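These are the residues of each chain, in order.
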Amino acid sequence: MKRIYNILLAAAIILPSSVLLNSCDEFTPVFTGKYPEPESWEPVTMEVTHTIQELAAMYTPGQEFEIEDDIVIAGKVSTSDQAGNFYRSLYIQDETGGIELKMGKTGLYNEYKPGQTVYVSCKGLWLGMYGYDEDDRYGGSGMVQLGYEDPTGEYETSYIEVQYLIDSHIYRGEEGDPIEPVVITESDLPGQWDTQATNKYVGTLVTLQNLTYGNEIFTLLYVNPNLEHKASSNRVFLSDETHNVTTWAMSEQKVKEHLENGDWDDVNVGNANDYTHGTVGDPENKANLLRYATPANVSQYFYMGDRDIQIRTSGYCRFADLEIDPAVLSGEKTINATGILTMYQGSVQFILLDQNGIVVNE
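Everything quoted here is computed from the prediction, not taken from an experiment.

Draft legend 1. Summary view of the packing of aromatic side chains. Applying the stated criterion across every chain yields a total of 8 aromatic pairs. Taking the centre distance of 5.9 Å and the plane angle of 40° together, the rings of Phe218 and Phe237 count as tilted. Note that Phe218 is positioned in strand E10 (residues 205-222) and Phe237 in strand E11 (residues 235-239), a separation of 19 residues in sequence. By relative accessible area, Phe218 is classed as partly exposed at 27%. By relative accessible area, Phe237 is classed as partly exposed at 22%. A ring pair is formed by Trp248 and Phe302, whose centres lie 5.9 Å apart and whose planes are at 15°; its orientation type is stacked. Placement of the pair is Trp248 in the loop between E11 and helix H5 (252-261) and Phe302 in strand E12 (residues 298-304), with a sequence separation of 54 residues. You'll find Trp248 and Phe302 in the same group, each marked buried. Lying over the aromatic face of Tyr159, Arg88 brings its terminal NZ or CZ to 4.2 Å of the ring centre. Lying across the ring of Tyr159, Lys102 places its NZ or CZ 4.7 Å from the centre.

Set out below in structure tokens:
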């Protein structure tokens, strides 16, 4: 079966690796328009063999694998890509946890409605993790995902690109009411090594209350995104402070605005092992950054008690340039945030469905 799938994959689509293997770490543009009405369909019902927690527990860190057993999971759709903050994937959840399905399509909200039941026939799919780091001090767990084999080996899973493969594994059940997010407390948050197998809130729609601004962001810019992304001469990290970024993310125009204002001129080009490439303000670096500017994903840091919460937002989403309330930035007010609770290298990353997921507390 695996051989047949690989032949279908190769025959049906030939795309550059940057399209095939965009990771959660690098959001890309999402079609957020309206497709033609889909053909009529009948909701299916399938016998479920495993919970999401049980499926996730089959994964061992660093050992992605093809599922060979007749395993069926089911869950309700908890996300929508309509606002552009999710890319070619959706999350489903049951009473034990949530998991990302790497679907390989945009405009998924037209076919998979929030609250709709989805069944997944897992045999032939790959179970892997994104965001795992084995470092005991600074690393930790990422997110267990369901996808397809990555032919490059760079990631543990890739997207299920071909419609035939999607139709062979992912089945639409009955539509239902959207999921009500669960309000969780600091004690409910996952620990450094938690996954969906050990914390039922990982991968699910939750609300975090009374978050205070952490006066810190994280984003990665490339001097020239057409060149090697891992080259230190091509990387600019904005971290450890706000760098005058007061929006949830940054569109291309917003990135250019910061560059033209000189907000990042003193930031070094490079990484922790190699800061020998000047600063953003150096004429050649500045010229290239402006010429090749692209939207930037941003993690805005908040505190929930003593825990860091990174609210990570795509530079391509509809609300990328939405300003954060100045009273929140100053610490005068807190926010409640509703979205998907995820893990990346042992840290909590939070993904909003849309701007309505942020409520400022008066």
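Draft legend 2. Main features of the nonpolar core. With 54 residues, the main nonpolar core has Leu208, Leu211, Trp264, Ile309, Ile311 and Phe350 as its most contacted residues. Sorting the residues of this core by element identifies E10, E11, H5, E12, strand E13 (307-313), helix H7 (326-329), strand E14 (335-344) and strand E15 (347-352) as the ones contributing at least two each. When residues of this core are assigned to their parent elements, the largest contribution, 7 residues, is made by E10. With sequence-adjacent residues up to four places away left out, Trp264 is seen in contact with Leu221, Leu238, His243, Val245, Met250, Val255, His258, Leu259 and Val280. Residues Leu90, Cys122, Met129 and Tyr148 belong to the second largest nonpolar core, which totals 29 residues.

Parameters at a glance
Residues numbered from 1 in each chain as written. Predicted model: local features only at pLDDT ≥ 70, side-chain atom pairs only at ≥ 80, totals over all residues. Heavy atoms only, no water. Phe/Tyr/Trp six-rings, centres within 6.5 Å; stacked < 30°, edge-to-face > 60°. Helix = DSSP H or I, 4+ residues; strand = E, 2+ residues; numbered from the N terminus. Buried < 20%, exposed > 50% of the residue type's maximum accessible area, 1.4 Å probe, protein only. Lys NZ or Arg CZ within 6 Å of the ring centre and 35° of its normal. Core = buried A, V, L, I, M, F, W, Y, C linked by side-chain atoms within 4.5 Å. Contact = heavy atoms within 4.5 Å.

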